[in-house]
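Structure at a glance
Residues per chain, in single letters:
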Amino acid sequence: SQKIEQNSEALNIQEGKTATLTCNYTNYSPAYLQWYRQDPGRGPVFLLLIRENEKEKRKERLKVTFDTTLKQSLFHITASQPADSATYLCALVRGAGGGADGLTFGKGTHLIIQP
Amino acid sequence: GAVVSQHPSWVICKSGTSVKIECRSLDFQATTMFWYRQFPKQSLMLMATSNEGSKATYEQGVEKDKFLINHASLTLSTLTVTSAHPEDSSFYICSANSYEQYFGPGTRLTVT
């Protein structure tokens, strides 16, 4: 069955440093991969989407890479700030990705940025 | 843009009663909406795909007679938890589709 693993339950990073989160998947060839942010008691908020034919995508302080050979995505937050503290979820589209398919989520990595 | 709302944000009900949760796309039309459930410290799990004007598609292990889904318009999908039991207590989240999905704020259901 499809499986998504994210690198740890909690990651502590010093403010100003780069936080790197890992997402590995098995038994899957997704058309694209997404990263979401989730705060306690809230729904996920979309951050970035990267397609299978893209190696890297950036948005402000965020960067995502996608290696379909390794079946891995890395999510980077540069110049991290305490406000970046949250749980970050990796998600894969379940079907061909035509917009009518749900997502399979990892358990998420809880990121803590310490001042 | 792309705002999804849910109502109520939290609800407490007694075992055996039914609860309806609404999901609305506020500034766009959604032919497809999704319902997820999240238990504490667990990932979001897709329960069902809600299709406007047709029957919902349920994931394996999700009882369609217990979790009734109605997608009567392009901006509204409802999830009714029938004969709720304490094990149904969870965080229910809907989303509306595009390539990136827009999620509602979630509904915390507690069944006593």
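Structure's up top.
A short tour of the structure in this document, coming up.

Conventions we followed
Numbers given to residues run from 1 along each chain, matching the order in which its sequence is written. Here the convention is simple: chains get letters from A, ligands get numbers from 1, in the order in which they are written. Totals for whole chains, interfaces and linings use all residues, but because this is a predicted model, local features are given only for residues with pLDDT of at least 70 and pairs of side-chain atoms are given and counted only at 80 or more. The basis for the side-chain values is all heavy atoms of the structure; hydrogens and waters are excluded. Only DSSP runs of H or I with at least four residues qualify as helices, and only runs of E with at least two residues qualify as strands; both kinds are numbered from the N terminus onward. The quantity called the radius of gyration is restricted to C-alpha atoms. Its globule counterpart is 2.2 Å times the number of residues to the power 0.38. When accessible area is computed with a 1.4 Å probe and restricted to protein chains, residues below 20% of their type maximum are described as buried, those above 50% as exposed, and intermediate ones as partly exposed. Throughout, a contact is declared for two residues whenever any of their heavy atoms are within 4.5 Å. Under the counting rule used here, the positive set is Lys and Arg, the negative set is Asp and Glu, and His together with the chain ends is not counted. Just so you know, the charge point we use is NZ for Lys, CZ for Arg, CG for Asp and CD for Glu. Should DSSP find at least two bridges between two strands, the strands are taken to pair. Helix axes are fitted only over the stretch in contact, all axes being lines through C-alpha atoms; the angle between N-to-C directions runs from 0 to 180 degrees. When the sulfur atoms of two cysteines come within 2.5 Å, that pair is taken as a disulfide. Note on definitions: buried area is the accessible-area loss of two parts on being combined, 1.4 Å probe, summed for both. In the analysis that follows, any N or O atom pair within 3.5 Å is treated as a polar contact, provided that within protein one partner can donate a hydrogen and the other can accept it, and provided that, for residues neighboring in sequence, both atoms belong to side chains. Residues were grouped as follows: Ala, Val, Leu, Ile, Met, Phe, Trp, Tyr, Cys and Pro as nonpolar; Asp, Glu, Lys and Arg as charged; and all remaining residues, including Gly, as polar. Between rings of Phe, Tyr and Trp, where Trp is taken as its six-membered ring, a pair exists when centres lie within 6.5 Å; planes separated by under 30 degrees are stacked, by over 60 edge-to-face, and by other angles tilted.

1. Section: the overall build of chain A
A count of helices and strands for chain A gives zero helices and 11 strands. N-terminal to C-terminal, the α/β element order of chain A is β-β-β-β-β-β-β-β-β-β-β. Taking 13 Å as the expected radius of gyration for a compact globule of 115 residues, we find that chain A reaches 14 Å, a close match to that expectation. Across the 115 residues of chain A, 46% fall into the buried class. For chain A, long-range pairs separated by at least 24 residues make up 54% of all intrachain contacts whose partners lie at least 6 apart in sequence. Put simply, chain A has 14 plus and 11 minus side-chain charges, and the middle of one group is 1 Å from the middle of the other.

2. Overview of the sheet that holds strand β1 (residues 3–6) of chain A
Residues and elements named next belong to chain A. In spatial order, the strands read β1-β3-β8-β7-β6; together these five strands make up an open sheet with antiparallel pairing. The open sheet has two free edges, formed respectively by β1 and β6 (56–59), since each of these has just one partner strand. Taken over all neighbouring pairs, the strand axes of this sheet differ in orientation by 15 degrees on average, direction set aside. Pairing between β6 and strand β7 (residues 62–67): four bridges, direction antiparallel. Following the sheet pairing, Arg-58 is matched in β7 by Lys-63.

3. Some words on the state of the cysteines
Here a disulfide denotes one covalent bond, and it connects the sulfur atoms of two cysteines. All told, the structure shown has two disulfides over all chains when counted by the stated rule. There is a disulfide in this structure between A:Cys23 and A:Cys90, and the S-S distance comes to 2.0 Å. Its torsion about the S-S bond being -60 degrees, the disulfide of A:Cys23 and A:Cys90 is classed as left-handed. Here A:Cys23, found in strand β3 (residues 19–26), pairs with A:Cys90, found in strand β9 (residues 86–93); they are 67 residues apart in sequence, far enough to count as distant. The class of A:Cys90 is buried, set by a relative accessible area of 0%. Each sulfur in the disulfide pair B:Cys23 and B:Cys94 lies 2.0 Å from the other. Handedness here is read from the sign of the S-S torsion; for B:Cys23 and B:Cys94, about 80 degrees, the answer is right-handed. Here the residue B:Cys23 occupies a position in strand β3 (residues 19–25), and B:Cys94 occupies one in strand β9 (residues 90–96), the gap between them amounting to 71 residues. On the accessibility criterion, B:Cys23 (0% relative accessible area) is buried. Residue classification places B:Cys94 among the buried positions, given a relative accessible area of 0%.

4. A few points about the interface of chain B and chain A
Counting residues at the interface gives 21 residues for chain B and 23 residues for chain A. Roughly 1700 Å² is buried in total at the junction of chain B and chain A, and carbon and sulfur atoms are behind 54% of that figure. Across the contact surface, chain B and chain A share four residue pairs in polar contact (both at pLDDT 80 or more). Breaking the side of chain B that touches chain A down by element, the ones donating at least two residues are β4 (32–38), β5 (45–51) and β9 of chain B. Considered class by class, the residues forming the side of chain B that touches chain A number nine nonpolar, nine polar and three charged.

5. With respect to the packing of aromatic side chains
Under the criterion given, the structure shown has 12 aromatic pairs over all chains. Between A:Tyr36 and A:Phe46, the ring centres sit 5.7 Å apart and the planes meet at 75 degrees, which makes this aromatic pair edge-to-face. You can see A:Tyr36 sitting in strand β4 (residues 32–38) and its partner A:Phe46 sitting in strand β5 (residues 45–51), a full 10 residues away along the chain. Three or more aromatic residues joined by ring pairs make a cluster, and in this case those are A:Tyr36, A:Phe46, A:Phe105, B:Tyr36 and B:Phe103.

None of the figures reported here should be taken as evidence of function without further support.
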